[in-house]
Amino acid sequence: QGQLVESGGGSVQPGGSLRLTCTASGIGVDYLAIAWFRQVSGKEREGVACIARSGNTGYPESLKDRFTVSKDNAKNTAYLQMNNLQPAVTGVYYCAAHETCRIDPRSYDYWGQGTQVTVSS
């Protein structure tokens, strides 16, 4: 019965920023970890951020200075702030939920439908 819905994607110029929103229903962001993944054309789906139910966060080393994950328990919503975006990261971004933060996307129990992020000049 749990559901996640992403929003906030769109088009941005190189160097620009976007904030994605993951709205949860039927599950609580204070109960499960919320992760963000992206699917770039020609590449395997990869995790870009995760926030545990405790509020602890994790990122790939290459993204920790550009991506920030946060949440609002009262709104049952998680966010992904993405800065200094470049064309290479164009793709579909998903949020997903699991008991704990995991690298493997196959660990996650709930997925949103994804939101397109396009970075181009």
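Everything below is about the structure shown above.
The rules behind the values
- Residues numbered from 1 in each chain as written.
- Predicted model: local features only at pLDDT ≥ 70, side-chain atom pairs only at ≥ 80, totals over all residues.
- Heavy atoms only, no water.
- Salt bridge = Lys/Arg side-chain N within 4 Å of Asp/Glu carboxyl O.
- Buried < 20%, exposed > 50% of the residue type's maximum accessible area, 1.4 Å probe, protein only.
- Helix = DSSP H or I, 4+ residues; strand = E, 2+ residues; numbered from the N terminus.
- Pairing = 2+ DSSP bridges.
- Axes fitted to C-alpha atoms, helices over the stretch in contact; angles between N-to-C directions.
- Polar contact = N/O pair within 3.5 Å; in protein donor to acceptor, adjacent residues only side chain to side chain.
- Contact = heavy atoms within 4.5 Å.
- Disulfide = S-S within 2.5 Å.

A. Representation of the pattern of salt bridges within the structure. Evaluated as defined, the whole model comprises three salt bridges. Arginine 38 is the salt-bridge partner of glutamate 46, the closest N and O atoms lying 2.7 Å from each other. Of the residues examined, glutamate 46 reaches a relative accessible area of 31% and is grouped as partly exposed.

B. Quick peek at the environment of aspartate 65. One can find aspartate 65 in the loop between β6 (57–58) and β7 (67–72). Between the C-alpha atom of aspartate 65 and that of methionine 82, which follows or precedes it by 17 residues, the distance is 9.5 Å.

C. The sheet that holds strand β1 (residues 3–7), seen in detail. Ordered in space as β1-β3-β8-β7, the four strands form an open sheet in which the pairing is antiparallel. What marks the edges here is a single partner per strand, and that holds for β1 and β7. On average, adjacent strands in this sheet sit at an angle of 20 degrees to one another, irrespective of strand direction.

D. Seen up close, the side chain of histidine 98. On the secondary structure map, histidine 98 appears in strand β9 (residues 91–98). Here histidine 98 falls in the buried class, since its relative accessible area comes to 14%. A polar contact is formed between the side chain of histidine 98 and the backbone oxygen of serine 107, at a distance of 2.8 Å. Each residue touching histidine 98, except ones within four places of it in the same chain, is listed here: Leu32, Ala33, Ser107, Tyr108 and Asp109.

E. Spatial organisation of the pairing of β1. What you see with β1 is a clean split: Leu4 and Glu6 sit on the buried side and Gln3, Val5 and Ser7 on the side with no burial. In this structure, β1 lies alongside strand β3 (residues 18–25), joined through five bridges in antiparallel fashion. Counterpart to leucine 4 in the pairing with β3 is alanine 24.

F. Spatial organisation of the state of the cysteines. Scanning all chains against the criterion turns up two disulfides. Residue pairing for cysteine 22: its cysteine sulfur links by disulfide to cysteine 95, the two sulfurs lying 2.1 Å apart. Judged by the sign of its S-S torsion, about 75 degrees, the bond between cysteine 22 and cysteine 95 is right-handed. Within this pair, whereas cysteine 22 is found in strand β3, its partner cysteine 95 is found in strand β9, the two being separated by 73 residues in sequence. One exposure class covers both cysteine 22 and cysteine 95, and it is buried. A sulfur-sulfur distance of 2.0 Å marks the disulfide that ties cysteine 50 to cysteine 101. Residues cysteine 50 and cysteine 101 share a disulfide whose torsion about the S-S bond is about -90 degrees; that sign makes it left-handed. Here the residue cysteine 50 occupies a position in strand β5 (residues 46–51), and cysteine 101 occupies one in the loop between β9 and β10 (110–111), the gap between them amounting to 51 residues. Residue class for cysteine 101 comes out partly exposed when judged on its relative accessible area of 33%. Take the cysteines of the chain that form disulfides and number them in order along the sequence; they join up as 1-3, 2-4.

In short, shape yes, function no, at least from these values alone.
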